[in-house]
Amino acid sequence: QVQVVESGGGWVQPGGSLRLSCAASGTFDSFDSMGWHHQAPGKEREWIAGIGSGGTTNYRDSVKGRFVISRSNAENTVYLTMNNVNVEDTGVYYCYLWTGGSTHWGHGTQVTVSS
């Protein structure tokens, strides 16, 4: 069974920074890709960043240049460093692990951006 657990959410002021973590555990053969989705209040969940097994990163335009996704292969952990946040970044951040043709989701971590 695969588990994905996010941490690091909380409150941050506009223009500030926050780092989210996502740890995958359990039995799986390989790290195909991991990444993050964001669900703003009253809106649908949308993909914002991903990192592949070879280290290739991709970002949604709305976070490009502000957010950085990185990983620790040894720990099966990915991080999302959120810089220069704004109120539109408020919401729940969900981590996913894609491996063996299946997607595994975490339960999400709340980020609130306000002054």
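The following paragraphs examine the structure supplied in this document. (Residues numbered from 1 in each chain as written. Predicted model: local features only at pLDDT ≥ 70, side-chain atom pairs only at ≥ 80, totals over all residues. Heavy atoms only, no water.)

### A word on the nonpolar core
Generally speaking, nonpolar side chains in soluble globular proteins are found buried as a group. The condition that has to hold: Only buried Ala, Val, Leu, Ile, Met, Phe, Trp, Tyr and Cys residues count toward a nonpolar core, and they belong to the same one when joined by side-chain atoms within 4.5 Å. Throughout, exposure labels follow a simple rule: accessible area from a 1.4 Å probe, protein chains only, divided by the maximum for the residue type, with under 20% read as buried, over 50% as exposed, and the rest as partly exposed. Elements are defined by DSSP. Helices are runs of H or I of four residues or more, strands are runs of E of two residues or more, and each kind is numbered from the N terminus. Only heavy atoms matter for contacts: two residues are in contact if any of them lie within 4.5 Å across the pair.
Within the largest apolar cluster, 27 residues are counted, with the highest numbers of intra-cluster contacts made by Trp36, Leu80 and Tyr93. Counting only elements with at least two residues in this core, the list comes to strand S1 (2-7), strand S3 (18-26), strand S4 (33-39), strand S5 (46-52), strand S7 (67-72), strand S8 (77-82), strand S9 (91-99) and strand S11 (109-113). If near-sequence neighbours (up to four positions away) are discounted, leucine 80 is found in contact with Leu18, Arg19, Leu20, Trp36, Ile48, Ala49, Phe67, Val68, Ile69 and Tyr93.

### Points about the environment of isoleucine 48
Within the secondary structure layout, isoleucine 48 lies in strand S5. Between the alpha carbons of isoleucine 48 and phenylalanine 31 there is a distance of 19 Å; along the sequence they are 17 residues apart. The residues touching isoleucine 48, leaving out its near neighbours within four places in the chain, are Trp36, His37, His38, Asn58, Tyr59, Arg60, Val63, Phe67, Leu80 and Tyr93.

### Thoughts on the pairing of S5
Note the following rule: Whether two strands pair depends on DSSP finding at least two bridges between them.
With five of seven residues buried, S5 lies mostly within the body of the structure. Inspection of the sheet shows S4 paired to S5 by six bridges, in the antiparallel sense. The residue bridging serine 33 from the neighbouring strand is glycine 52, located in S5. Linking S4 back to S5 in an antiparallel pair, the connection comprises six residues, with glycine 42 at a positive phi of about 75 degrees. Note that S5 and strand S6 (residues 57-59) share three bridges and pair antiparallel. Bridge pairing in S6 places alanine 49 opposite tyrosine 59.

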